[in-house]
Amino acid sequence: MTEYQNFGVIGAGAWGTALAQSLATGGRDVTLWAFEKECVDSINDENVNKLYLPDARLSPKIKATQDLKSLTDCDALLSVVPAQHTRRTLDELKGIDALSGKPVVLCSKGIEISTREFMSDVLRETLPNVVPAVLSGPSFAIDVAKGLPTAVTLACEDKKIGEALIESVAAPTFRPYLSTDVLGAEIGGAVKNVLAIACGMVLGMELGRSAHAAIIARGFAEMRRLGVALGCEPETLTGLCGLGDLVLTCSSEQSRNMSCGLALGRGESLDDILGARNSVTEGVASAPALKEMATKLNVDMPISAVVADILSGDMDIQNALITLLSRVHKTEVL
Ligand SMILES: NC(=O)C1=CN([C@@H]2O[C@H](COP(=O)(O)OP(=O)(O)OC[C@H]3O[C@@H](n4cnc5c(N)ncnc54)[C@H](O)[C@@H]3O)[C@@H](O)[C@H]2O)C=CC1
Ligand SMILES: O=C(CO)COP(=O)(O)O
């Protein structure tokens, strides 16, 4: 089986940097594209990403660059820029023959707000000649960068390429599981971010752990219903990229989405919360896109819709619970 030796990682935020570090630990050569020159300089000169992952020491094997096109010589690419910047970034690689037939592994978790599309749709429209794959699962960047044990789903419709990718991205403490359900892997990652905001709100408002567990379980039902409506394999969502990531993100203040909800629940304003961060909170952009998607597909997603309404200012956070509790009683369906 051909393994991929040279990886190009597009995006030097916390996650792109952590994945670059894991690849380097696994013996791969890595070129890491950063949007900011400051990132390139600190990675190349000091083996640290001062802007986005200051607490991790990086392998000197990672070479950072601001020249995106130089990554097209690599054997395989990882796309790790936030969802709302993905199209514009990938557009810069449009029409480059060297990429034809190479795998591009999507590692961002979000929905493009302007089109309500998942990242694989964006990839197919921008780089139609590459092979799409998705890497998703319960994995905080700092855990992976520090070599703590992590397991993820890696989905690729082409099983042979998927198997080669699994062998190539695996590292002693980084364990990918193979799937062919690209869409399912994407749905899990995008939806759990919105649900993590809801879980944070519940804890921020001190509504208790029982309510928190109810949001996780009923949120999972929303995720699964959306998956069925969009045609993914529902079992995918019971795996690492669905339930696994939902549990991690909804339970930890380390999550940007969960901690955003927590601060909202404690009464802080969304502008203040986001203004104090230099990192992305994907669920904030995905929530309205998810609400529109659910409405269009006639899928019942009340928790996600309430999150979107609170974020847009259309619903007061205090009224959210009343809205959810006053729905008609029904059979517990997944
Ligand atoms: N941080 C984590 O633990 C994990 C993050 N992810 C996903 O990875 C994706 C990236 O997140 P992080 O690496 O955490 O980002 P981050 O929050 O650490 O950094 C922000 C990123 O946005 C980039 N950026 C800002 N403006 C840009 C522009 N105009 N064009 C292109 N890039 C721009 C920055 O260069 C940087 O890479 C997200 O979709 C996130 O959900 C997935 C798993 C774990
Ligand atoms: O996706 C993640 C963990 O799997 C990271 O979650 P946050 O983006 O909420 O920090």
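Let me begin by describing the structure that accompanies this report. (Residues numbered from 1 in each chain as written. Chains lettered and ligands numbered in written order. Predicted model: local features only at pLDDT ≥ 70, side-chain atom pairs only at ≥ 80, totals over all residues.)

## Examining the pairing of strand β8 (residues 131-136)
No. 1: Of all six residues in β8, six are buried; the element is thus mostly enclosed.
No. 2: Both faces of β8 are covered, namely the face carrying Val131, Ala133 and Leu135 and the face carrying Pro132, Val134 and Ser136.
No. 3: Note: strand β5 (residues 103-106) against β8, four bridges, orientation parallel. Among the inter-strand pairings, Val104 is bridged to a residue of β8, identified as Pro132.
No. 4: In this sheet, strand β9 (residues 150-156) lies alongside β8 in antiparallel orientation, the contact comprising four bridges. Bridge pairing in β9 links Val134 to Ala155. (Buried ≥ 20, exposed ≤ 12 C-beta atoms within 10 Å, placed from the backbone. Helix = DSSP H or I, 4+ residues; strand = E, 2+ residues; numbered from the N terminus. Pairing = 2+ DSSP bridges.)

## Quick notes on the nonpolar core
No. 1: One finds Val105 and Ala133 to be the most contacted residues of the largest nonpolar core, which totals 106 residues.
No. 2: No other element matches helix α7 (residues 182-204), which puts 14 residues into this core.
No. 3: With residues near it in sequence (within four places) discarded, Val105 still touches Ala76, Leu77, Leu78, Ser79, Ala133, Val134, Leu135 and Leu165. (Core = buried A, V, L, I, M, F, W, Y, C linked by C-beta atoms within 7 Å. Contact = placed C-beta atoms within 7 Å.)

## With respect to helix α9 (residues 240-251)
No. 1: Of all twelve residues that make up α9, nine are buried, and the element is covered over most of its length.
No. 2: Among all positions in α9, only Leu240, Cys241, Gly242, Gly244, Asp245, Leu246, Leu248, Thr249 and Cys250 are buried.
No. 3: The inward-facing, buried residues of α9 abut β8, β9, β10 (174-179), α7, α8 (209-230) and α10 (256-265).

## What to know about the site of ligand 2
No. 1: In the vicinity of ligand 2, 13 residues are found, and the nearest of them are Ser139, Asp245, Ser255, Arg256 and Asn257.
No. 2: Elements represented by at least two residues in the shell around ligand 2 include exactly α7, α9 and α10.
No. 3: In the shell around ligand 2, the residues fall into four nonpolar, five polar and four charged. (Near = placed C-beta within 6 Å. Nonpolar A, V, L, I, M, F, W, Y, C, P; charged D, E, K, R; others polar.)

## Notes on the sheet that holds β9
No. 1: Spatially, eight strands are ordered β3-β2-β1-β4-β5-β8-β9-β10 in an open sheet, and the strand pairing comes out mixed. A strand with exactly one partner marks an edge of an open sheet, and here the two such strands are β3 (62-65) and β10. Averaged over all pairs of adjacent strands, the angle between their axes in this sheet comes to 25°, without regard to strand direction.
No. 2: Pairing of strand β4 (residues 76-79) with β5, which is carried by three bridges, proceeds in the parallel orientation. Note on β5: the bridge partner recorded for Leu77 is Val104. (Axes fitted to C-alpha atoms, helices over the stretch in contact; angles between N-to-C directions.)

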